[in-house]
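Chain residues, written in single-letter form:
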Amino acid sequence: DISESLIRRIQIRETIESHIEKEEENFSKGIKTLSLFFIDEVIKYRDYSKPDEKGIYAKIFEGEYEQAVFDKLNDLTDTNEPYKEYLKRFKPEEVHKGYFSIDKRGHAIDSKEDRKTGLSDDESAYDLILKNKERLLSFEEPTRFIFSHSALREGWDNPNIFQICTLRHTQSGIQKRQEVGRGLRICVDKDGNRQDSSALTDF
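Attention here is on the structure that accompanies the text. (Residues numbered from 1 in each chain as written. Predicted model: local features only at pLDDT ≥ 70, side-chain atom pairs only at ≥ 80, totals over all residues. Heavy atoms only, no water.)

Some thoughts on the packing of aromatic side chains
Throughout the structure, instances matching the rule amount to 13 aromatic pairs. Geometrically, the ring pair formed by F27 and Y86 is tilted, given 5.0 Å between the ring centres and 35 degrees between the ring planes. Here F27, found in helix α1 (residues 4-27), pairs with Y86, found in helix α3 (residues 81-89); they are 59 residues apart in sequence, far enough to count as distant. A relative accessible area of 0% places Y86 in the buried class. Between F27 and F139, the ring centres sit 5.3 Å apart and the planes meet at 75 degrees, which makes this aromatic pair edge-to-face. In this pair, F27 sits in helix α1 while F139 sits in the loop between α5 (133-136) and β3 (145-148), placing the two residues 112 residues apart along the sequence. Owing to a relative accessible area of 12%, F139 belongs among the buried residues under this scheme. (Phe/Tyr/Trp six-rings, centres within 6.5 Å; stacked < 30°, edge-to-face > 60°. Helix = DSSP H or I, 4+ residues; strand = E, 2+ residues; numbered from the N terminus. Buried < 20%, exposed > 50% of the residue type's maximum accessible area, 1.4 Å probe, protein only.)

Quick word on the sheet that holds strand β2 (residues 96-99)
If you walk across this open sheet you meet the 4 strands as β2-β3-β1-β4, and the pairing is parallel. The open sheet is flanked by β2 and β4 (161-167), the only strands paired with a single partner. Adjacent strand axes in the sheet meet at a mean angle of 20 degrees when their direction is disregarded. Summarising the sheet, β2 and β3 pair through 4 bridges and their orientation is parallel. The partner of Y99 across the bridge, within β3, is S148. The strands touched by α1 within the sheet are β1 (34-39), β3 and β4, with β4 carrying the most contacts at an inclination of about 180 degrees. Packing of helix α2 (residues 56-75) onto the sheet brings it into contact with β1, β2, β3 and β4, and relative to β3 it is tilted by some 165 degrees. (Pairing = 2+ DSSP bridges. Axes fitted to C-alpha atoms, helices over the stretch in contact; angles between N-to-C directions. Contact = heavy atoms within 4.5 Å.)

Re the nonpolar core
If you look at the biggest cluster of nonpolar residues, it comprises 27 residues, and the most contacted ones within it are I12, I16, F37, F61, Y65, F147 and L167. When residues of this core are traced back to their parent elements, those giving at least two are α1, β1, α2, α3, β3 and β4. Residue contributions to this core peak at 7 residues, all from α2. Beyond its immediate sequence surroundings of up to four residues, Y65 is in contact with I16, L87, P92, V95, R144 and F145. Counting 11 residues, the second largest nonpolar core, distinct from the first, contains L36, L128, L136 and L137. (Core = buried A, V, L, I, M, F, W, Y, C linked by side-chain atoms within 4.5 Å.)

Notes on a negative patch on the surface
A contiguous patch of negative charge, built from E14, E17, D71 and D75, is present on the exposed surface. Those elements that place two or more of their residues in the negative patch are α1 and α2. Mapping E14 onto the fold places it in helix α1. (Patch = residues over 30% accessible without salt bridge, like charges linked within 9 Å, V, L, I, M, F, W, Y side chains within 5 Å. Areas by Shrake-Rupley, 256 points an atom, 1.4 Å probe, with all protein chains shown as cover. Salt bridge = Lys/Arg side-chain N within 4 Å of Asp/Glu carboxyl O. Lys, Arg positive; Asp, Glu negative; His and termini not counted. Charge placed at Lys NZ, Arg CZ, Asp CG, Glu CD.)

Some words on α1
What sets the pattern is the α-helix's 3.6 residues per turn: residues three or four places apart point alike. For α1, spanning 24 residues, the distance from its first C-alpha to its last is 34 Å, which sits close to the expected 34 Å at 1.5 Å a residue. Buried residues of α1: R8, I12, T15, I16, H19, I20, E23, N26 and F27, and no others. In this structure, the buried side of α1 is in contact with β1, α2, α3, β3 and β4. (Expected span 1.5 Å × (residues − 1).)

Re a nonpolar patch on the surface
A cluster of nonpolar side chains, contributed by I2, L6, I7 and I10, occupies part of the molecular surface with about 330 Å² of accessible area. With respect to the helices and strands, I10 occurs in helix α1. For I10, a relative accessible area of 33% puts it in the partly exposed group.

As structure tokens, then:
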């Protein structure tokens, strides 16, 4: 008797918890950790009919992230003070952004789109994720979780995606491989140095 909405909540929760565990490990190495969510409808993340413009996935994420950070801060020792300060630095609404182009079902978000490009009016997220990759990999940039509806079509990828969560039904084996290919690569540190075997010998 588990509903699909509960399954999605569990997926989001598990991704956040996995992200934080990997992030703690990477933080001392100067490696920014990112996670990517694939969604089936933009309105589930960005709902312009709501006063706060937050769709159900954005609301679930912020609630689960706040709880996960609270739990993690209680577990960390004083030796992890730099990472503790990093976790406390940003609010839940600051750590995620949406990167998408169209809502195929024609929800209210259509009125916010550029008819020529099909891109939403969330230009800051689009520029950050597609164009300003160096800034995205900086610890000064709060974005660490990306919700995407069209990363496959745009051909965007990032070497510092450590978790990929699919909040949609994917039947195609090719599509699944394409989704995995958007991340899970050899990562780079905050200075852009690729962390291959030679770079990691000191760790």
